[in-house]
Amino acid sequence: MARNKIALIGSGMIGGTLAHLAGLKELGDIVLFDIADGIPQGKGLDIAQSSPVEGFNANLTGASDYSAIEGADVCIVTAGVARKPGMSRDDLLGINLKVMEQVGAGIKKYAPNAFVICITNPLDAMVWALQKFSGLPKNMVVGMAGVLDSSRFRLFLSQEFNVSVQDVTAFVLGGHGDTMVPLARYSTVGGIPLTDLVKMGWVTKERLEEIIQRTRDGGAEIVGLLKTGSAYYAPAASAIEMAESFLKDKKRVLPCAAHLTGQYGVKDMYVGVPTIIGAGGVERIIEVEFNKAEQDAFEKSVAAVAGLCEACITIAPSL
Ligand code: TXD
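What counts and how
- Residues numbered from 1 in each chain as written.
- Predicted model: local features only at pLDDT ≥ 70, side-chain atom pairs only at ≥ 80, totals over all residues.
- Heavy atoms only, no water.
- Helix = DSSP H or I, 4+ residues; strand = E, 2+ residues; numbered from the N terminus.
- Buried < 20%, exposed > 50% of the residue type's maximum accessible area, 1.4 Å probe, protein only.
- Contact = heavy atoms within 4.5 Å.
- Areas by Shrake-Rupley, 256 points an atom, 1.4 Å probe, with all protein chains shown as cover.
- Core = buried A, V, L, I, M, F, W, Y, C linked by side-chain atoms within 4.5 Å.
- Phe/Tyr/Trp six-rings, centres within 6.5 Å; stacked < 30°, edge-to-face > 60°.
- Near = heavy atom within 4 Å.
- Polar contact = N/O pair within 3.5 Å; in protein donor to acceptor, adjacent residues only side chain to side chain.
- Axes fitted to C-alpha atoms, helices over the stretch in contact; angles between N-to-C directions.
- Left-handed = near helix turned anticlockwise from the far one by under 90°.
- Nonpolar A, V, L, I, M, F, W, Y, C, P; charged D, E, K, R; others polar.
- Expected span 1.5 Å × (residues − 1).
- 1 Å grid on protein atoms, 1.4 Å probe; cavity = no way out; pocket = protein on both sides within 12 Å on 5 of 7 lines; lining within 4 Å.
- Points joined across faces, edges and corners; volume = space filled by probe spheres on them.
- Salt bridge = Lys/Arg side-chain N within 4 Å of Asp/Glu carboxyl O.
- Pairing = 2+ DSSP bridges.

*Asks:* Would you explain the overall build of the protein chain in this entry?
*Replies:* When helices and strands are counted, the protein chain shows 11 helices and 14 strands. Classification of the 319 residues of the protein chain by burial places 50% in the buried group. Expressed as a percentage of contacts within the protein chain between residues at least 6 apart in sequence, the contacts between residues at least 24 apart total 67%. About 14700 Å² of surface is accessible on the protein chain, with carbon and sulfur atoms providing 53% of the total.

Now the structure itself:
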């Protein structure tokens with residue numbers, strides 16, 4: 001059986017880490033793409049030169065021409081710019097929206113059967129625009145945010161309780177950003193919901209609220225430390241988990257920004273919800289019941305995403 005082909009559109013910090021992880025996990029042959037000529041070629045060659053030492057088999061190539069992604073099974077999109085001092089959110093949105101238009105056209109032409117994972121910020125609006133620009137089936141285009149946000153929540157909880165990260169599950173819904181909705185009722189340690197752990201005296205409500213806030217601010221905490229960029233190891237690992245579930249038809253239950261057609265009362269928008277990812281892309285969206293507080297938080301988050309989509313339509317009326 002021929003190897004799968006993984007196209008990484010954007011070969012910056014996350015793109016390079018994605019290539020390294022995809023190689024180490026032998027997910028397939030890897031094409032790094034970027035407009036910055038030399039970067040994808042250089043990173044591809046560097047990682048390929050680690051393969052004899054690590055003992056993995058994968059061809060890694062770099063390109064600045066979309067024809068190189070032809071026939072890709074998975075495309076992971078990180079192309080774009082990150083916010084720099086003095087830039088408004090709208091500036092970032094405008095620039096990255098143009099990038100999504102180019103990327104969408106490239107995918108439509110050369111990899112129309114791919115499973116597409118968008119990472120570029122502002123995530124929920126960019127994945128929505130990318131699906132429209134590419135014209136790919138909505139179940140084959142998803143955004144990565146929930147796996148990362150949940151992973152951050154899981155880490156902080158495991159540290160708080162001094163238990164293995166493996167035994168902590170977490171549930172984070174809504175848009176990626178300040179309004180994300182970590183759900184304590186559906187997050188567990190060894191199957192015990194956090195709300196029960198509060199009753200059992202493992203953690204106070206106040207302390208849990210602090211951990212939830214740290215999760216919401218997870219991206220900003222890293223930016224504050226790095227100063228020159230944003231997180232890339234954990235975002236790359238998260239997208240690889242999604243790609244692997246698709247390629248191996250694992251049917252993992254993963255929170256992703258998925259296209260909603262009425263679920264949770266939301267239509268034609270991408271918002272973070274629990275999904276099942278398998279060979280059919282997003283095979284199912286899981287709808288859970290909210291209590292009043294959760295519903296309010298989710299609606300607030302959806303409103304923030306809707307605002308971003310409206311800003312996109314103002315810039316690109318064809319959307
Ligand atoms: O949870 C999440 N979704 C995120 C999102 C978590 C962390 C970071 N997140 C966002 O991912 C971040 O705000 C950025 O929008 C993306 C990529 O982050 P990364 O850290 O990898 O950014 P880099 O290092 O700046 O890389 C971006 C690359 C860079 O090499 C540019 O030359 C390239 O994108 N680029 C392009 N490639 C192809 N085509 C076009 N038009 C293009 N424009 C820039």
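*Asks:* Explanation requested: the nonpolar core in the structure shown.
*Replies:* The nonpolar side chains of a soluble globular protein tend to be buried with one another. By size, the foremost hydrophobic cluster in this structure holds 89 residues, and its most contacted members are I9 and I107. The element that contributes the greatest number of residues to this core is helix α5 (residues 123-134), accounting for eight residues. Aside from chain neighbours lying at most four places away, what touches I9 is F33, Y66, I69, C75, I76, V77, T78, A79, V103 and I107. Within the second largest apolar cluster, 16 residues are counted, among which are F153, V172, A184 and L197.

*Asks:* Explain the environment of V147 to me, please; I cannot follow it from the model alone.
*Replies:* Its place among the elements puts V147 in helix α6 (residues 146-161). In the structure, V147 is positioned 95 residues away from M242 in sequence and 8.4 Å away in space, judged by C-alpha atoms. Dropping the residues within four chain positions of it, V147 is found in contact with S238, E241, M242, L254 and P255.

*Asks:* Looking at this structure, I do not really get the packing of aromatic side chains. What am I missing?
*Replies:* Two numbers describe a pair of aromatic rings. These are the distance of the centres and the angle of the planes. Following the criterion strictly, the structure yields eight aromatic pairs and no others. Here F115 and F246 contribute two aromatic rings whose centre-to-centre distance is 4.6 Å and whose plane-to-plane angle is 20°, an arrangement assigned as stacked. Of the two residues, F115 sits in strand β5 (residues 115-118) while F246 sits in helix α10 (residues 233-247), which places them 131 residues apart along the sequence. Cluster of aromatic residues (ring-pair linked, three or more members): Y264, F290 and F298.

*Asks:* When you look at the site of the ligand in this model, what are you seeing that I'm missing?
*Replies:* The local shell around the ligand holds 24 residues, among which M13, I14, D34, Q102 and M144 are the closest. Contact between the ligand and H176: an oxygen atom at 3.1 Å from a side-chain N or O atom of the residue. Within the complex, 86% of the 870 Å² of free accessible area of the ligand lies under protein. Only α1 (13-24) and α4 (89-110) provide two or more residues apiece to the shell around the ligand.

*Asks:* Sorry if this is basic, but what is going on with the packing of α6 against helix α8 (residues 205-216) here?
*Replies:* Each packed pair of helices is defined by two parameters, the angle between the axes and the distance between the axes. Interaxial distance between α6 and α8 falls to 9 Å at its minimum, and their mutual angle equals 145°. Along this stretch, α6 crosses α8, giving a crossing that reads as right-handed. Here α6 contributes D149, F153, F156, L157, Q159 and E160 to the contact with α8, which in turn contributes R207, L208, I211, I212, R214 and T215. Along the lines of polarity and charge, the residues of the contact of α6 with α8 split into six nonpolar, two polar and four charged.

*Asks:* Please explain α6 as it appears in this structure.
*Replies:* Helical geometry note: an α-helix holds 3.6 residues per turn, so side chains three or four residues apart project in the same direction. Spanning 16 residues, α6 covers 22 Å between terminal C-alpha atoms, matching the ideal 22 Å at 1.5 Å per step. Those residues of α6 that fall on the buried side of the exposure criterion are G146, V147, L148, D149, S150, R152, F153, F156, L157, S158 and F161. A positive backbone phi angle near 55° is found at N162, which sits one or two residues after α6.

*Asks:* Can you help me understand the side chain of S150 in this one?
*Replies:* Of note, S150 is situated in helix α6. A distance of 2.6 Å separates a polar side-chain atom of S150 from the backbone oxygen of G146. Apart from the residues lying within four places of it in its own chain, the contact partners of S150 are A170, V172 and P255.

*Asks:* Where do I start with the layout of surface pockets in this structure?
*Replies:* If a probe the size of a water molecule is rolled over the atoms, the empty space left behind becomes visible. The computed volume of the second largest pocket comes to approximately 800 Å³. Lining the second largest pocket we find 38 residues, and of these V147, S150, S151, R152 and R154 sit closest to its centre. Of all the elements in the fold, those that place two or more residues in the lining of the second largest pocket are α6, β7 (168-169), β8 (172-173), α9 (218-226), α10 and β12 (252-261). Looking at the lining of the second largest pocket, the element that brings in the most residues is α10, giving nine residues.

*Asks:* Quick question: what am I supposed to make of the pattern of salt bridges here?
*Replies:* A side chain of one charge can pair with a side chain of the opposite charge if their charged atoms are brought near each other. Taken as a whole and assessed by the stated rule, the structure comprises 13 salt bridges. Among the salt bridges present, the one from R207 reaches E160, with a minimum N-O distance of 2.9 Å. Here E160 lies in helix α6 and R207 lies in helix α8, a separation of 47 residues in the sequence. For R207, a relative accessible area of 33% gives the class partly exposed. The salt bridge involving E210 is made with R207; its shortest N-O contact spans 2.7 Å. You can see E210 and its partner R207 sitting in helix α8, three residues apart, about one turn around the helix. When its relative accessible area of 48% is taken as the criterion, E210 is described as partly exposed. By sharing partners, the salt bridges in this structure join K25, E244 and K248 into a single network.

*Asks:* How should I be thinking about the pairing of strand β14 (residues 281-285) in this particular structure?
*Replies:* Regular strands place side chains that alternate from one sheet face to the opposite one. Where strand β13 (residues 267-278) meets β14, four bridges bridge the pair, whose relative direction is antiparallel. In the sheet register, G278 faces β14, and the bridge partner there is G281. Between the end of β13 and the start of β14, which pair antiparallel, lie two residues.

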